[in-house]
Amino acid sequence: MHEIEIKNLSKSFVDKDTKVDALRDINITVDKGDIFGIIGMSGAGKSTLIRCINYLEKPTSGQVIVEGKELGQLNEKELREQRQDIAMIFQHFNLLQQKNVIDNIIFPLVLQGVKKKEAREKAFELLSKVGLEDKAKSYPSQLSGGQQQRVAIARALAADPKILLCDEATSALDPQTTASILTLLKEINKEYGITIVLITHQMSVVKAICNKVAVLEEGQLIESGRLEDVNLPEDKFFWLNKENELKNKEFEKAGIKEVRNYVG
Ligand SMILES: Nc1ncnc2c1ncn2[C@@H]1O[C@H](COP(=O)(O)OP(=O)(O)O)[C@@H](O)[C@H]1O
Ligand SMILES: [Mg+2]
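Our subject in this report is the structure included herewith. (Residues numbered from 1 in each chain as written. Chains lettered and ligands numbered in written order. Predicted model: local features only at pLDDT ≥ 70, side-chain atom pairs only at ≥ 80, totals over all residues.)

1. Here's the deal with the packing of helix 3 (residues 101-111) against helix 5 (residues 145-157)
Orientation of helix 3 relative to helix 5, taken along the N-to-C sense of each, is 25°, at an axis distance of 8 Å. On the basis of their axis angle, the class for helix 3 and helix 5 is roughly parallel. Here helix 3 runs over helix 5; the crossing is right-handed. Judged by residue contacts, V101, N104, I105 and P108 of helix 3 engage V151, A154 and R155 from helix 5. Tallied by class, residues from the contact of helix 3 with helix 5 come to five nonpolar, one polar and one charged. (Axes fitted to C-alpha atoms, helices over the stretch in contact; angles between N-to-C directions. Helix = DSSP H or I, 4+ residues; strand = E, 2+ residues; numbered from the N terminus. Parallel < 35°, antiparallel > 145°, perpendicular 65-115°, else oblique. Left-handed = near helix turned anticlockwise from the far one by under 90°. Contact = placed C-beta atoms within 7 Å. Nonpolar A, V, L, I, M, F, W, Y, C, P; charged D, E, K, R; others polar.)

So, in structure tokens, the structure goes:
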């Protein structure tokens, strides 16, 4: 059984007299333990696609099957339960600004009915996992972007998800911080066996940690498969390569080994 199966998925946004075909006939399978990258330019449909995986966005047609369950067949309660297995992190972290770090992590646990004491213990454990034990009482505005994303990762892990969705999670970060966050994601993938679906417009991110990749262009998948098998459209990503050369240097410094040079 695949962990995630997307079958013939299409999504259109209709607004008065305009219609945008954001996704057209997408087919993807993600297996347990994958770090699956979806890469594409801005407007390609990446966010729409990742939001379909937890049904925050409902497909116009097609199916999303997660852990063997077709999300379109679930009622509201079942969908809520299923979503507990799927966590998400974002480009701009989405932390609660008026709560300190530890409370940001505790908050979703308490909402789920976990007892305060237990939630606190778990939150501290996760905070240590992401290397921020000393920031428990800080507020998001007192943290760097990389630290905020670490808090968001700790919060995402609090409910013991099986799947972590990352929507441009490193796009607001500098190359060095990007590398350290990617290292953390890879650790989490290995240590907890969490399947990661990561969307990005940066080829360097895909090459640093993904084992599989899909290329999305104007709502259509133009390539998909194991990283080493996929023919990445070099010309279209030319400008990204320039940026990547810089980032690759940072990755090497951070000890990420699986960086390959991007030559056709
Ligand atoms: N809620 C929405 N209403 C109307 N159009 C939308 C909506 N969300 C996304 N779109 C459109 O769908 C296309 C894909 O958007 P998006 O998935 O955000 O792309 P990406 O994340 O790759 O930049 C874009 O043309 C965008 O304008
Ligand atoms: Mg997006």
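2. Some points on the pairing of strand 3 (residues 35-39)
Summarising burial for strand 3: five of the five residues are buried, a large majority. Going residue by residue along strand 3, you find I35, G37 and I39 tucked away on one face and F36 and I38 tucked away on the opposite face as well. Pairing of strand 3 with strand 8 (residues 195-200) involves five bridges; the strand directions are parallel. Bridged to F36 within strand 8 is V197. The sheet contact formed by strand 3 and strand 9 (residues 212-217) spans four bridges and is parallel. Residue pairing across strands places I39 opposite V215, the latter belonging to strand 9. (Buried ≥ 20, exposed ≤ 12 C-beta atoms within 10 Å, placed from the backbone. Pairing = 2+ DSSP bridges.)

3. Section: the sheet that holds strand 2 (residues 18-30)
Pairing is antiparallel in the open sheet, where four strands are placed in the order 2-1-4-5. Strand pairing shows two members of the sheet lacking a second neighbour, strand 2 and strand 5 (69-70), which therefore form its edges. Relative to strand 5, strand 4 (residues 61-66) runs antiparallel, the two being bridged by two bridges. Bridge pairing in strand 5 places V66 opposite K69.

4. Some details on the sheet that holds strand 6 (residues 86-90)
Taken in spatial order, the six strands of this open sheet run 6-7-8-3-9-10, and their pairing is mixed. A strand with exactly one partner marks an edge of an open sheet, and here the two such strands are strand 6 and strand 10 (220-226). This sheet shows a mean twist of 15° between the axes of neighbouring strands, independent of strand direction. Of the pairings in the sheet, the one linking strand 7 (residues 163-167) to strand 8 comprises five bridges and is parallel in character. Looking at the pairing, L164 lines up with I196 of strand 8.

5. Structural notes on the nonpolar core
By size, the foremost hydrophobic cluster in this structure holds 69 residues, and its most contacted members are I105, L127, A154, L165, I196, V197 and L198. A domain split of this core shows at least three residues from each of domain 1 (1-85 + 163-264) and domain 2 (89-160). If near-sequence neighbours (up to four positions away) are discounted, I196 is found in contact with I35, F36, L164, C166, L185 and N189. (Core = buried A, V, L, I, M, F, W, Y, C linked by C-beta atoms within 7 Å. Domains from an automatic or database assignment.)

6. Considerations on the environment of K129
Looking at the element boundaries, K129 is found in helix 4 (residues 116-129). Taking the C-alpha atoms as reference points, K129 and E187, separated by 58 residues in sequence, lie 9.9 Å from one another.

7. Considering the packing of helix 5 against helix 6 (residues 175-192)
Relative orientation of the contacting elements helix 5 and helix 6 amounts to 15°, with a least axis distance of 10 Å. When the axes of helix 5 and helix 6 are compared, the pair comes out roughly parallel. Remark: the crossing between helix 5 and helix 6 carries right-handed chirality. Facing helix 5, whose interface residues are G145, G146, Q149, R150, I153 and L157, helix 6 presents T177, S180, I181, L184 and I188. Of the residues that constitute the contact of helix 5 with helix 6, the class distribution is five nonpolar, five polar and one charged.

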